[in-house]
Amino acid sequence: MAKNKGARIIITLRCTNCKKTSNKNNNIEKEKKNQKKIDYTTTKNRRNTPDRLELKKYCPNCNSHTQQKEIK
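Definitions and limits used
- Residues numbered from 1 in each chain as written.
- Predicted model: local features only at pLDDT ≥ 70, side-chain atom pairs only at ≥ 80, totals over all residues.
- Heavy atoms only, no water.
- UniProt positions renumbered as here; feature names shortened; annotations may be inferred.
- Pairing = 2+ DSSP bridges.
- Helix = DSSP H or I, 4+ residues; strand = E, 2+ residues; numbered from the N terminus.
- Axes fitted to C-alpha atoms, helices over the stretch in contact; angles between N-to-C directions.
- Phe/Tyr/Trp six-rings, centres within 6.5 Å; stacked < 30°, edge-to-face > 60°.
- Lys NZ or Arg CZ within 6 Å of the ring centre and 35° of its normal.

- An unreviewed UniProt entry annotates the protein chain as Large ribosomal subunit protein bL33c originating from Chorda asiatica.
- Taken verbatim from the UniProt record of the protein chain, the Sequence similarities (unreviewed entry) comment is "Belongs to the bacterial ribosomal protein bL33 family."

The structure is reproduced here in structure tokens:
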């Protein structure tokens, strides 16, 4: 017999400020290429929180605590 998937799923969180960096100058584009994609992984209960999760975590690229949103 097949088992249920369960209520807990693994999700990925990504910084919202790093994505919003404007690309007006070449210097900013070069800096953006040098930045690493930093993703946090965590679990959530899909029955309790069906919406996308948002947590405040540290982002090394921004060098501060920023809002991290759930991505697909």
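The structure having been displayed, the exposition proceeds.
## As for the sheet that holds strand β1 (residues 8-15)
Step number 1: With antiparallel pairing, the four strands of this open sheet are ordered in space as β2-β1-β4-β3. The outermost strands of the open sheet, each flanked by one partner alone, are β2 (39-45) and β3 (54-59). Ignoring strand direction, the axes of neighbouring strands in this sheet form an average angle of 45 degrees.
Step number 2: Pairing of β1 with β2 involves seven bridges; the strand directions are antiparallel. Bridging across to β2, Ile9 finds its partner in Lys44.

## Considerations on the packing of aromatic side chains
Step number 1: Summed over the entire model, instances satisfying the criterion amount to zero aromatic pairs.
Step number 2: Stacked on the ring of Tyr40, the Lys or Arg Lys57 has its end atom at 5.2 Å from the ring centre.

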